Amino acid sequence: MSTDDLRAAALRDAARNAGERIAPTWPLDQLIAVNPWWEMRDQSLSAVSARLAALGQVECLMPRNWYRAHWQREIRFEHLAATAAESGVDLDEKALLAWLDGGDQLAHWHNFSDQVDGTRDLERQVSWHDEIVHQISQFCASFFSGDTPLPAVPGAGLYGAWLDAVRNDRGIEIMMGERGLHRQFEALPDDEDALFQAAAEAFELGAELAEDYFHALLLEVNGWASWVAYLRWQANLAGGEDDRMPSLLAVRLAWELVLWRHHAEQHAETAAIVRRQWRQQFERLPELLRQHRDAQRPAWTWQRAAELAFQGSLHDSLLAPVPAAAAVARPSLQAVFCIDVRSEVYRRALEDQDPSIQTLGFAGFFGLPIAYAPAGSAYERPQLPGLLPSAITVVEAEDADRVKARSQGLNRRARWEAVGKKAPAAFGFVEAAGIGYALRLLRESFAGADPVHPVNELCGHGGRFELRQDGAALDAAAQAGLVAGVLGAMTLTDRFAPVVLLAGHGSSTRNNPHAAGLDCGACCGQTGEVNVRVLAQVLNDSEVRAHLAADHGITIPGDTRFLPTLHDTTTDELKLLEALPDTGAPLADWIAAASAATRRERAPALGVSPARSDRALPARSRDWSQVRPEWGLAGNACFIVAPRSRSRHLDLGGRSFLHDYDWRADAENGYPVLELIMTAPMVVTHWINMQYNASVTDPSRYGSGNKVLHNVVGGNLGVFEGNGGDLRIGLPLQSVHDGEDWVHPPLRLSVYLDAPAEAIAAIADKHEVVRQLIDNEWLYLFRLDDEAGEIQRLYRGRWSVAASSEASAAA
């Protein structure tokens, strides 16, 4: 291989490696939470923070004034001292307090376009940075929506399509007031590899530093890079490949090369100085990264102190004596909820109705690896975590006439709605239908309307669900094997109540592109309705029950009925999807009272009087102008994996994910359930936690901005804030900010496992992803040791005793 070939291969590797630092974002109709720095979990979070700050001015930590506001309120001296002790350094309280009042700005990396911007009058001229992001973003919106013509060069893909588009757009030259600019687009190589080679030669770019430079370029279009990462993720799940990240990078790099050449031609008097200053950055980059690591050390001390303050208070509660539970021979009602933090409030309220009520926490997809295909439609959607591929398709079995009628109805609706969205017909559509829409607009503005979801409306119309795997229907024995694993994982294999509520969850909001982000993340941004309907059907099937008893040793009493329900997290209504049986217990009254109590608890955080909550919260769900219908998972901070008896007496304030788990039952089989929890729900909760954190620490890059200004891109790809800029990812501002302050404190997730130390450590050692999350401090992993009366932390293979707030204060 020649020297040129080796260099080209090294550049391709650098481009691929830079692209692999970008985490995916899911489309709006499947909007799940993601750690935006997931692909860099092999590094410590502090190292990632410094690198991102240096390369792209990314903020992974809160500003100084946030820590100052929490000093002496939550964060106290003992927390700073404990942080210093963990790090093995002496506490310099004076320096830490002085840091709160500082404000030195560090240098950061500049792409060449930024360097050129330094020579422009940005008060009167558009910056190259903004123009490049706008142009790339508008192109990507068209390309990924399928509205871009095929490139002139067959097989050229994303880069080739962009090249065709930009070569036919002379408006950029006029907009930027730069004569001769268009010639530089015409001179660009038609081939991606040739483009990388040309840029490397022009910039004198070595492969050893190219990866960081390429990463900096991608950070400028991080939203679209995240979309490309999603396409890559989905292809990998399906066993294929789709990595267009180098192509997107080639588009951004081409802009750098265009400016490099154009600036030299048109601004010769400054070009040499600008080029030299920009090239000198490569020599200084290692030192720049070191400076950012050093500069962030005080911030990480304050961040850890804030986390210790939360953990210490929680440890006090978890270490307090557990009250004796009333003896109940058989529960009168059992209810299985998602582990979602919003369920914690409802579970407490339901349990308060009667000591004989038992609630459990389980992953919201209820262990079913399914995709849902509505009858009469070719559409299919996943109903399981985005980490996993679906293995089973569920279809409602309906007669041919009903399916045909449903299909025709869907087609008519789709055609009618499409008319108004097509540019040529838009004005005529408004003329023809405007009066009708105006009347509906007035009615819904003043009276509101119930939220609707076109796919959810198709579910549950009386037909039984068919479960199909590889095109074949699952028989009763196979279904029994599936749900036996589900029951074992949710620790529900005996002492069944007469009624077992399977409570999926969803939200009800209007005019909200991010509505799926309030639904069940474990169901890939859908409600859990399909999952609970399917599971209830299978568990109520007499043939399946016979196989459960004979093949798996799980005997369900004949009088036990599993009932599908849906917890509406916006209104806190528990919707019964089938009628309640008469068991002699006041089940309906208990549910109604629990819903009302939950609304009263949530109301103040939404600025609503508890006395008005029964009417006000449902009204918010019907109001299409409401930007804060609920707070979602804001405030999430911990994940407790233990029997419910361990936390039933605690008010966790809707901040804890709760998963029921009995390690003694799991030990018989070598802890498969614990392994499943640590590799799936723990990762999902971490993703949720980090998306909320990032949406707060850097809302301009990892949040989606102001809801009022959102415009949906490509039907469901994402949103623009206004009419341009990058594709916005993450949470809207109104999901984490109340107009005066942040409602989500960005604390890393604290995970508490009630399980033997050896089993936890063995699973962490077995799974690299789990080990990376723990050892690189993306989350904290603790175990509850009731025998020793202490809480222990696992970090880099070693266990240590974690202090409570009382112990910290005493020290």
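Use the structure listed above.
In this text, all values refer to a predicted model and were calculated from it rather than measured experimentally.

Draft legend 1. Examining the overall build of the protein more closely. When its secondary structure is counted, the protein shows 30 helices and 21 strands. Scored against the burial criterion, the 811 residues of the protein give a buried share of 54%. Accessible area for the protein stands at about 34,300 Å²; split by element, carbon and sulfur atoms hold 51% of it.

Draft legend 2. How the structure looks around the environment of alanine 761. Of note, alanine 761 is situated in helix H28 (residues 757-766). Owing to a relative accessible area of 25%, alanine 761 belongs among the partly exposed residues under this scheme. Distance from alanine 761 to leucine 794, taken between C-alpha atoms, is 7.6 Å for residues 33 residues apart in sequence. Not counting residues within four places of it along the chain, the set of residues in contact with alanine 761 comprises Leu794 and Trp799.

Draft legend 3. Representation of unusual backbone geometry in the model. A positive phi angle, close to 65 degrees, is found at tyrosine 671, a residue other than glycine. Its place among the elements puts tyrosine 671 in the loop between helix H24 (663-667) and helix H25 (672-679). Look at tyrosine 671 and you get buried, because its relative accessible area is 18%.

Draft legend 4. Highlighting the environment of glutamate 543. Position of glutamate 543 among the secondary structure elements: in helix H21 (residues 542-552). You can call glutamate 543 partly exposed: its relative accessible area is 49%. Along the sequence, glutamate 543 and alanine 477 sit 66 residues apart, while their C-alpha atoms lie 8.2 Å from each other.

Draft legend 5. Representation of the packing of aromatic side chains in the model. Evaluated as defined, the whole model comprises 37 aromatic pairs. On the basis of an interplanar angle of 15 degrees and a centroid distance of 5.9 Å, the ring pair of phenylalanine 144 and tryptophan 224 is categorised as stacked. Taken together, the residues span a long stretch of sequence, with phenylalanine 144 in helix H7 (residues 128-144) and tryptophan 224 in helix H13 (residues 222-237) at a distance of 80 residues. The pair formed by phenylalanine 144 and tryptophan 224 is uniform in burial state, with each residue classed as buried. Where tyrosine 213 meets tryptophan 278, the ring centres are 5.4 Å apart and the plane angle is 70 degrees; that geometry is what we call edge-to-face. You can see tyrosine 213 sitting in helix H12 (residues 207-220) and its partner tryptophan 278 sitting in helix H15 (residues 268-319), a full 65 residues away along the chain. Here tyrosine 213 matches tryptophan 278 in class, with each residue buried. In this arrangement the basic side chain of arginine 793 is found over the ring face of tyrosine 795, its NZ or CZ atom lying 4.7 Å from the centre.

Draft legend 6. Looking closely at the environment of proline 321. Inspection of the secondary structure assignment puts proline 321 in the loop between H15 and strand E1 (333-338). Of the residues examined, proline 321 reaches a relative accessible area of 77% and is grouped as exposed. C-alpha separation for the pair proline 321 and arginine 646, spaced 325 residues apart in sequence, amounts to 9.6 Å.

Draft legend 7. Main features of H28. Among the residues of H28, Ala757, Ala759, Ile760, Ile763 and Ala764 are the ones counted as buried. In the core, the buried residues of H28 are packed alongside H25, strand E18 (750-753), helix H29 (768-775), strand E19 (780-785), strand E20 (790-795) and strand E21 (798-802).

Draft legend 8. Seen up close, the pairing of strand E2 (residues 357-362). Buried residues dominate E2, accounting for five of its six residues. In terms of strand pairing, E1 meets E2 through six bridges, oriented parallel. Bridge pairing links glutamine 334 to glutamine 358 in E2. A crossover links E1 with its parallel partner E2, the connecting element being helix H16 (residues 341-351), and its sense is right-handed.

Draft legend 9. Fine view of the packing of helix H11 (residues 192-203) against helix H14 (residues 245-266). For the pair H11 and H14, interaxial distance at closest approach is 10 Å and the crossing angle is 40 degrees. If you check the angle between H11 and H14, you find them oblique. The hand of the H11/H14 crossing is left-handed. From H11, Glu192, Leu195, Phe196, Ala198, Ala199, Ala202 and Phe203 reach across to H14, where they touch Pro246, Ser247, Leu249, Ala250, Leu253, Ala254, Glu256, Leu257, Trp260 and Arg261.

Draft legend 10. Broad picture of the pairing of E18. Residues Ser750 and Tyr752 line one face of E18 and the alternating positions Val751 and Leu753 line the opposite face, and both faces are buried. As paired strands, strand E11 (residues 638-641) and E18 are joined by four bridges and run parallel to one another. Residue pairing across strands places phenylalanine 639 opposite valine 751, the latter belonging to E18. Summarising the sheet, E18 and E19 pair through four bridges and their orientation is parallel. Its bridge partner lying in E19, tyrosine 752 is registered against phenylalanine 782.

Draft legend 11. The pattern of salt bridges, seen in detail. Under the definition given, this model contains 43 salt bridges. Put simply, arginine 183 and glutamate 265 hold a salt bridge, and the shortest N to O gap is 3.3 Å. One end of the pair, arginine 183, is in helix H10 (residues 181-186); the other, glutamate 265, is in helix H14, and 82 residues separate them in sequence. Notably, a salt bridge pairs glutamate 675 with lysine 766, separated by 2.9 Å at the nearest N-O pair. Here the residue glutamate 675 occupies a position in helix H25, and lysine 766 occupies one in helix H28, the gap between them amounting to 91 residues.

Draft legend 12. Looking closely at the side chain of threonine 569. Turning to its location among the elements, threonine 569 is positioned in the loop between strand E9 (561-568) and strand E10 (573-576). For threonine 569, a relative accessible area of 2% puts it in the buried group. A polar contact is formed between the side chain of threonine 569 and the side chain of arginine 342, at a distance of 3.1 Å. Not counting the four nearest positions on each side in its chain, threonine 569 is found in contact with Arg342, His505, Gly506, Ser507, Leu518, Arg602 and Glu630.

Draft legend 13. Looking closely at the packing of H12 against H15. Between H12 and H15, whose axes approach to 11 Å, the crossing angle comes to 85 degrees. The angle between H12 and H15 falls in the class roughly perpendicular. The residues of H15 that touch H12, namely those facing Leu209, Asp212 and Tyr213, are Trp278, Phe282, Leu285 and Leu289. For the contact of H12 with H15, the residue count by class is six nonpolar, no polar and one charged.

Draft legend 14. Structural detail: the sheet that holds strand E12 (residues 656-659). Read from one edge of the open sheet, six strands run E12-E11-E18-E19-E20-E21, paired in mixed fashion. The open sheet has two edge strands with one neighbour each: E12 and E21. Direction aside, neighbouring strands of the sheet carry axes that sit 25 degrees apart on average. When E11 meets E12, the two strands line up parallel, connected through four bridges. Residue phenylalanine 639 lies in a different strand from E12, and its bridge partner there is phenylalanine 657.

Draft legend 15. Focus on the side chain of histidine 505. Topologically, histidine 505 is positioned in strand E8 (residues 499-506). Taking relative accessible area as the criterion, histidine 505 reaches 2% and is therefore assigned buried. Discounting residues that sit within four places of it in the chain, histidine 505 has contacts with Cys338, Asp340, Arg342, Asp519, Cys520, Gln526, Thr527, Gly528, Leu566, His567 and Thr569.

Draft legend 16. Local environment of the sheet that holds strand E14 (residues 710-713). Read from one edge to the other, the open sheet built from three strands follows the order E14-E15-E16, with strand pairing classed as antiparallel. The open sheet has two free edges, formed respectively by E14 and strand E16 (724-728), since each of these has just one partner strand. Looking at each pair of strands side by side, their axes are set apart by 35 degrees on average, direction ignored. Packed on one face of the sheet, H13 meets E14, strand E15 (718-721) and E16 and runs near 40 degrees to E16.

Conventions and cut-offs
- Residues numbered from 1 in each chain as written.
- Predicted model: local features only at pLDDT ≥ 70, side-chain atom pairs only at ≥ 80, totals over all residues.
- Heavy atoms only, no water.
- Helix = DSSP H or I, 4+ residues; strand = E, 2+ residues; numbered from the N terminus.
- Buried < 20%, exposed > 50% of the residue type's maximum accessible area, 1.4 Å probe, protein only.
- Areas by Shrake-Rupley, 256 points an atom, 1.4 Å probe, with all protein chains shown as cover.
- Contact = heavy atoms within 4.5 Å.
- Phe/Tyr/Trp six-rings, centres within 6.5 Å; stacked < 30°, edge-to-face > 60°.
- Lys NZ or Arg CZ within 6 Å of the ring centre and 35° of its normal.
- Pairing = 2+ DSSP bridges.
- Right-handed = clockwise from strand over helix to strand, strands pointing away.
- Axes fitted to C-alpha atoms, helices over the stretch in contact; angles between N-to-C directions.
- Parallel < 35°, antiparallel > 145°, perpendicular 65-115°, else oblique.
- Left-handed = near helix turned anticlockwise from the far one by under 90°.
- Salt bridge = Lys/Arg side-chain N within 4 Å of Asp/Glu carboxyl O.
- Polar contact = N/O pair within 3.5 Å; in protein donor to acceptor, adjacent residues only side chain to side chain.
- Nonpolar A, V, L, I, M, F, W, Y, C, P; charged D, E, K, R; others polar.

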